[in-house]
Amino acid sequence: MEVKTSLLDNMIGVGDMVLLEPLNEDSFIMNLRNRFDHNEIYTYIGSVVISMNPYRSLPIYTPQKVEEYRNRNFYELSPHIYALADEAYRSLRDQDKDQCILITGESGAGKTEASKLVMSYVAAVCGKGQEVNKVKEQLLQSNPVLEAFGNAKTMRNDNSSRFGKYMDIEFDFKGDPLGGVISNYLLEKSRVCKQPRGERNFHIFYQLLSGASDDTLMKLKLDRDFSKYNYLSLDSANVNGLDDAASFRTVRNAMQIVGFMEAEVQSVLELVAAVLKLGNIEFKPESRVNGFDESRVKDKNDLKEMCELLGIEQSVLERAFSYRTVEAKMEKMSTTLNVAQAYYARDALAKNLYSRLFSWLVTRINESIKAQAKTRHKVMGVLDIYGFEIFEEGDNSFEQFIINYCNEKLQQIFIELTLREEQEEYIREDIEWTNIEYFNNAVICDLIENNQNGILAMLDEECLRPGTVTDDTFLDKLNTICAEHQHFESRLNKNSKFLTDHSLPHSCFRIQHYAGKVLYRVEGFVDKNNDLLYRDLSQAMYKATHSLMRQLFPEGNPAKVNLKRPPTAGFQFKASVGVLMKNLQTKNPNYIRCIKPNDKKVAHIFTDSLVCHQVRYLGLVENVRVRRAGYAFRQPYESCLERYKMLCKKTWPQWRGPARDGVEVLLTDCSVPTEEFAYGRSKIFIRNPRTLFTLEERRRACLEDLATLIQKIYRGWKSRTHFLLLKKSQVVVAAWYRRYAQQNKYQKIKSATLVMQSFIRGWKARNILRQLKYEKRCKEAVTTIAAYWHGTQARMELRRLKTEARNKRAVSVIWAYWQGTKARRELRRLKEEARRKHAVAVIWAYWLGLQVRREYRKFFRANAGKKIYDFTIQRIMQKYFLGLKTTTMSPMDNTWPAKPYGFLEGAHTQLRRIFHLWRCKKYRGQFTEEKKAVYEEKLEASEIFKDKKALYPSSVSQPFKGDYLEIQKNPKYQKLNSAMEEKVLLADLVNKINRANGKGSPRLFLLTKSNFVLADQKTGQVKASVPLPDLASVSVSTQSDGFFALKLKEGSASASKGDFLLSSEHLIEIITKLHRIGTTAADRDQINIDISDEFLVQFKQDKVCVKFIQGGPKNGNSAACKRKNNRLLEVSVPSP
């Protein structure tokens, strides 16, 4: 049986600050310290989680912990971030309520780690499956990418987020993640150009130089030495515990998982390298005739390398650093830039280039992780944003002002939503609502964001005002307009009480935020709010050939020159914060307040003053007071009765009736004053924590009494059980002993009987044995006598047979000798007769030869020479022509016998040529017109594909059939055939590739001289008919697959639905016929054939890359297409 627990069991300190007594700042800090010392880093304030950064790994995030908190009540177990994540996820899944988790705290408090823990918990408890796991992996792997480009090492945190991040994770009706959308706020781009002492630039710069291969650095024109780059601080380049090389490999892997293509990764790294090169560009003054100073680049090597990385002309960028063009209506004026202005322009370009690259990364990640389904989604938002910042010695500038304004808005919405939640619960439970007094920071938000007299509005007005604008004029304006505001303080305003306040410098103003007073130095406010990038630099960047530059600098397009001043940084941030607040108000909020215990970033140290400072500006004590203003504790009747029923005899051990009646009886019996509690519809509300602690003390004492009673009953039961067991054992032992004695007696009687029986059986057996032995000896004697008699008879017969056999063999030998003698005599006679006949024949032959020679000698001198010559020539030519009979009739056979004699050289060559022409003529004479056309197509296919595509050799032996469907004979396609106006040149079954999943749908492909048609395989219905003039090109791979893409001309009527990605077993024939039709047609251009292992296909509005790789697909020997992400289809082709 599952043991039910509670937040109040085994509690170290107070797990929920709402129950803290007494409630003050000191007791609050002491409770946090007590729990921190016992490794309890999480504490509740109602439904808010306080998280202390332990600066070490704790064994509280294991898979067992995930299962422990899964589907459990929020207050059922000890405080943990998993409890809040589970509550938010179950509310989203079961109650269809959109959720948001707001994580706040100063740098180093653990906000980023908290957001990772929330996302990992949700990923662990939601559904499983290939697509779901892929979405979860992409959502989780987006963090390393954004951390590399948006985080940096600061004095307070080695991995400090220098931007605000809000992620909406979208779920389906089952609670499985479908995708997400990330929003980023106010990247600290000033860090690109300058970092405070002891801090670093963004991680990606150090990771690239430490982890990239030598080949990559060579392509990017970089060196591993940090000291060669002005934008990188050297005093803290290496951080203990950070492995930049390993982090770079992690980032590359994460970008691949999220869906970045290799070309995109390379483009991003080129821009990062360009920022480093940009920081090395230095300027020198050069005097002009008119007396003005002009800036010039000192060393142009870094400028040249940067221009090569971005694909921009060096002279264009060099001029943009030296001149500035100002446009007003129809007039243009060019002014020179001095050295200070050139350095300002360089840094402005670096900051804008990096910040826009970061925004592009967020947009690109959103394209990959966005939900594909069009149905309504459930949403869980996770906000990881910088906390309230107060720097010492008045170093707070424009960035801290904007950050603190955002925290004021978050505090405002926190108070509003907390009070609204309290009020809704009181109304839902029919509890009388009492007004709660609290500090409303709306007046501070109005001081900053008011459209007429707000600080941001006045800053924008000052930036847009013509004339000389400085930070001092802005401060004067604040002193004039905000002088009477109770939360604004300045040394120079009309309020005389600050005139002698020496803690308030003349160039500063102070705002009393909800977290305390903050002193802001006005220096840099105007420039940082303007955030100007000269139009010359924007236009120069737009001219770059780099693939991302036109997306990052669209305002540089000369065709779309906008003379309107771009919105200021403050205006943009105010608008984005407004959108964020509206978004948060539509969701159910969940809060995580992160606190860092010390500034040394080490474990086991708790600095009271630092924690107290954070507790104040996070308003945590104020939060407890708001929570306790009504009733400090509330609990469902069933849970309350289950926990405290042992305090009343009427409710113990089991209450028979409604739970509310049982609670009323219980509280009446415990004499709890009626003003200390109230009855709701489903919950009991307790006003004072002391009442709850009193009930807990009484319950603890009662549990001790119950434990004593249980022990007494258990011991009695155990003794009785032991006695009954002994009694039963005695009966069993006696029974077994009696059985044992009887068995022994029986065995003795049985043994004696067996001995007597064995003696009697032995005596009988010996008698029988003696009789059998006598009979056996008699039988053996008879057998021996018979054997001797038969042996004697056999030997006598053997001697008789041997004598007879010797007589017969002597006769045979004599006869054989006689026959041999007669044969040898006949052989000698025949040889003598043959010799005589041969001698006669030889003599006769010699005689005839003598007569012929005498006769021939008469005519030899007159005719012999000519006849011998003619005979020799005739035999040579006859032998030569007979040798030519071995030559084949194939025109492809180039073999020809060698010439036997030199005098035949001319005839040999001419005869070979004539014979080849003759056999070619004979071969052509066998062709029909159709066969000629087929061979012409085969020849054209060879010109297109030979030595270019691996599939071509296997198609050479296959004839081009054309109509593979027999469309004219098949009655199934009779309707489709009648719809075709021209003769069908090719009809085949192809697969149309679906972009969403990479799977193919069967289609009928019909080709005529003017168009091609795709029709449904089953119904024959025409799905698409494209005129061939609209076809721009055809793309295929170099491998042995059957995939090809039909690319349509942009702007044509057929291009509205995008290109076609098809696969066919007769790819060579299809593309050859398409190319042949385009070649023979005089009214249109020839169709281009693109053979490459990677090409782009236009699907409606998006371009998708189709990539072919070598690898064995799981479904056999055919190529398989699989969607990797929204921008990539991967085709696996079997290895040859």
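Residues numbered from 1 in each chain as written. Predicted model: local features only at pLDDT ≥ 70, side-chain atom pairs only at ≥ 80, totals over all residues. Heavy atoms only, no water.

## Structural notes on the overall build of the protein chain
Note the threshold: What counts as a helix is a DSSP run of H or I of at least four residues, what counts as a strand is a run of E of at least two, and both are numbered from the N terminus. Based on C-alpha atoms, the radius of gyration is set beside the globule rule, defined as 2.2 Å times the residue count to the power 0.38. Burial classification: accessible surface area is computed with a 1.4 Å probe over protein chains only, and a residue below 20% of its type maximum counts as buried, one above 50% as exposed, and the rest as partly exposed. Under the convention used here, Asp and Glu are negative, Lys and Arg are positive, and both His and the chain ends fall outside the count. Positions of charges follow a simple convention, taking NZ of Lys, CZ of Arg, CG of Asp or CD of Glu.
A tally of regular secondary structure across the protein chain gives 31 helices and 31 strands. Against the compact-globule benchmark of 32 Å for 1136 residues, the protein chain has a radius of gyration of 52 Å, which places it well outside the compact range. The principal-axis extents of the C-alpha atoms in the protein chain amount to approximately 165 × 140 × 70 Å. Relative to its full complement of 1136 residues, the protein chain shows a buried share of 45%. Side chains of the protein chain carry 177 positive and 135 negative charges; the gap between the two charge centres is 18 Å.

## Describing the environment of Lys 683
Counted only if it meets this: The contact criterion used throughout is that any non-hydrogen atoms of two residues lie within 4.5 Å.
Looking at where Lys 683 falls in the secondary structure, it is placed in strand β19 (residues 683-686). Note on Lys 683: relative accessible area 22%, which makes it partly exposed. In this structure, the C-alpha to C-alpha distance between Lys 683 and Asn 530, residues 153 residues apart in sequence, is 55 Å. With sequence-adjacent residues up to four places away left out, Lys 683 is seen in contact with Glu 425, Glu 429, Arg 634, Gln 635, Pro 636, Tyr 637 and Ala 678.

## Remarks on empty space enclosed by the protein
Keep this limit in mind: Here a cavity means grid points, on a 1 Å grid over the protein atoms only, where a 1.4 Å probe fits yet cannot get out; a pocket means an open set of points with protein on both sides within 12 Å along at least five of seven lines; lining residues are those with an atom within 4 Å of a point. Grid points are joined across faces, edges and corners, and a volume is the space filled by probe spheres set on the points. When residues are grouped by polarity, Ala, Val, Leu, Ile, Met, Phe, Trp, Tyr, Cys and Pro land in nonpolar, Asp, Glu, Lys and Arg in charged, and all others, Gly among them, in polar.
Counting across every chain of the model gives six cavities of 30 Å³ or more. When its volume is computed, the largest cavity comes out at roughly 80 Å³. Looking at the lining of the largest cavity, the elements with two or more residues in it are α4 (111-125), α5 (130-150) and β6 (164-171). Among the residues making up the lining of the largest cavity, the classes are represented as nine nonpolar, no polar and one charged.

## Remarks on the sheet that holds strand β15 (residues 516-521)
Within a sheet, each strand pairs with its neighbour through backbone hydrogen bonds, oriented either parallel or antiparallel. Keep this limit in mind: At least two DSSP bridges between two strands are required for those strands to pair. Working convention: axes come from line fits to C-alpha atoms, limited for helices to the stretch in contact. Angles between N-to-C directions cover 0 to 180 degrees.
Spatial ordering of the open sheet is given by β13-β14-β15, a layout of three strands whose pairing is antiparallel. The open sheet has two edge strands, β13 (488-490) and β15, and neither has a second partner. Neighbour-to-neighbour, the strand axes of the sheet open up by a mean angle of 25°, direction not taken into account. Relative to strand β14 (residues 508-513), β13 runs antiparallel, the two being bridged by three bridges. The partner of Glu 489 across the bridge, within β14, is Arg 510. The sheet contacts of helix α16 (residues 471-481) involve β13 and β14, and relative to β13 the element is tilted by about 125°.

## Notes on the state of the cysteines
Each disulfide consists of a covalent bond between the sulfur atoms of two cysteine residues. We apply this condition: Note on terminology: disulfide denotes any pair of cysteine sulfur atoms within 2.5 Å.
Evaluation of the coordinates by the stated rule reveals zero disulfides. Cys 126 forms no disulfide, and the closest cysteine sulfur to it belongs to Cys 100, at a distance of 19 Å. A disulfide-free cysteine, Cys 445 has its sulfur positioned 10 Å from the sulfur of Cys 406, the nearest such atom. Among the residues examined, Cys 445 registers a relative accessible area of 1% and is labelled buried.

## Some details on the pairing of β15
With six bridges connecting them, β14 and β15 associate as antiparallel partners. Looking at the pairing, His 513 lines up with Gly 516 of β15. Between β14 and β15, which pair antiparallel and follow one another directly, the connecting turn spans two residues.

## Looking at a positive patch on the surface
Condition: Patch membership requires more than 30% relative accessible area and the absence of a salt bridge. Residues of like charge join within 9 Å; the nonpolar side chains Val, Leu, Ile, Met, Phe, Trp and Tyr join within 5 Å. All accessible-area figures derive from a Shrake-Rupley calculation using a 1.4 Å probe, and residue coverage is judged against the displayed protein chains alone. We define a salt bridge as a contact between a side-chain nitrogen of Lys or Arg and a carboxyl oxygen of Asp or Glu at a distance within 4 Å.
Together, Lys 921, Lys 922, Arg 924 and Lys 932 make up a positively charged patch on the protein surface. Tallying contributions element by element places helix α27 (residues 905-924) first for the positive patch, with three residues. Of note, Arg 924 is situated in helix α27.

## Thoughts on the nonpolar core
Generally speaking, a soluble globular protein has its nonpolar side chains buried in company with each other. The cut-off we apply is this: Nonpolar cores were defined as sets of buried Ala, Val, Leu, Ile, Met, Phe, Trp, Tyr and Cys residues, with membership established by side-chain atoms within 4.5 Å.
Among the nonpolar cores identified, the biggest contains 211 residues, and Phe 28, Phe 149, Phe 205, Leu 317, Phe 321, Leu 349 and Leu 584 are the most heavily contacted of them. A per-element tally of this core places helix α12 (residues 339-369) first, with 15 residues. Apart from residues no more than four positions distant in its own chain, Leu 349 is found in contact with Leu 278, Met 306, Leu 317, Phe 321, Leu 533, Leu 537, Met 541 and Phe 553. Membership of the second largest hydrophobic core comes to 30 residues, among which are Leu 986, Phe 1012, Val 1026 and Leu 1062.

## Re helix α10 (residues 300-310)
Defined as follows: Pairing of N or O atoms within 3.5 Å defines a polar contact, subject to two protein rules: one partner must be a possible hydrogen donor and the other a possible acceptor, and residues neighboring in sequence count only if both atoms are side-chain atoms.
Buried within α10 are the following residues: Asp 302, Leu 303, Glu 305, Met 306, Cys 307, Leu 309 and Leu 310. Put simply, Asp 299 is the residue that caps the front of α10, since its side-chain oxygen is 3.2 Å from the backbone nitrogen of Asn 301. Looking at the residues trailing α10, positive phi occurs at Gly 311, about 70°.

## What to know about the pairing of strand β7 (residues 177-185)
Pairing geometry for β6 and β7, over eight bridges, is antiparallel. Looking at the pairing, Asp 168 lines up with Val 181 of β7. Connecting the antiparallel pair β6 and β7 is a turn made up of five residues, with Gly 175 showing a positive phi of about 90°.

## A few points about unusual backbone geometry
With the exception of glycine, most residues fall at negative phi, and the peptide bonds are largely trans. Here the residue pair Glu 21 and Pro 22 is connected by a cis peptide bond, since its omega of -10° sits within 30 degrees of zero. Relative to the helices and strands, Pro 22 is located in the segment before α1 (25-37). In this structure, Pro 653 follows Trp 652 across a cis peptide bond, with omega equal to 0°. The phi dihedral of His 604 is positive, around 65°, even though this residue is not glycine. Within the secondary structure, His 604 is located in the loop between β16 (588-595) and α21 (608-618). Looking at His 604, the relative accessible area reads 60%, which means it is exposed. The backbone phi angle of Glu 966 is positive, close to 50°, even though this residue is not glycine. You can see Glu 966 is positioned in the loop between α29 (952-956) and α30 (974-979).

## Quick word on the sheet that holds strand β29 (residues 1102-1110)
As summarised here, the arrangement of the four strands in space is β28-β29-β31-β30, forming an open sheet in which the pairing is mixed. Of all strands in the sheet, those with a lone pairing partner are β28 (1094-1099) and β30 (1120-1125), marking the two edges. Neighbouring strand axes in the sheet, compared pairwise and without regard to direction, differ in orientation by 30° on average.

## Re the packing of α5 against helix α6 (residues 203-211)
For any two helices packed against each other, the geometry comes down to the angle between their axes and how far apart the axes lie. Definition in use: These descriptions rest on fixed angle ranges, namely under 35 degrees for roughly parallel, over 145 for roughly antiparallel, 65 to 115 for roughly perpendicular, and the rest for oblique.
Relative orientation of the contacting elements α5 and α6 amounts to 100°, with a least axis distance of 5 Å. Judged by the inter-axis angle, α5 sits roughly perpendicular to α6. Judged by residue contacts, Glu 147, Ala 148 and Phe 149 of α5 engage His 203, Ile 204 and Gln 207 from α6. Taken together, the residues of the contact of α5 with α6 sort by class into three nonpolar, two polar and one charged.

## Focus on the side chain of Glu 429
Here Glu 429 shows up in the loop between α13 (398-428) and α14 (442-449). A distance of 2.7 Å separates a polar side-chain atom of Glu 429 from the backbone nitrogen of Arg 681. Here Ser 682 takes part through its side chain, which lies 2.7 Å from a polar atom of the side chain of Glu 429. Filtering out sequence-adjacent residues up to four positions away, Glu 429 remains in contact with Tyr 679, Gly 680, Arg 681, Ser 682, Lys 683 and Phe 685.

## Section: the pattern of salt bridges
Counting across every chain of the model gives 49 salt bridges. Here Arg 829 makes a salt bridge to Glu 833, at a shortest N to O gap of 3.7 Å. Here Glu 833 and Arg 829 lie together in helix α25 (residues 689-857), a separation of four residues that amounts to about one turn. Ionic contacts of the salt-bridge type, sharing partners, join the residues Arg 162, Glu 188, Arg 191 and Glu 199 into one network.

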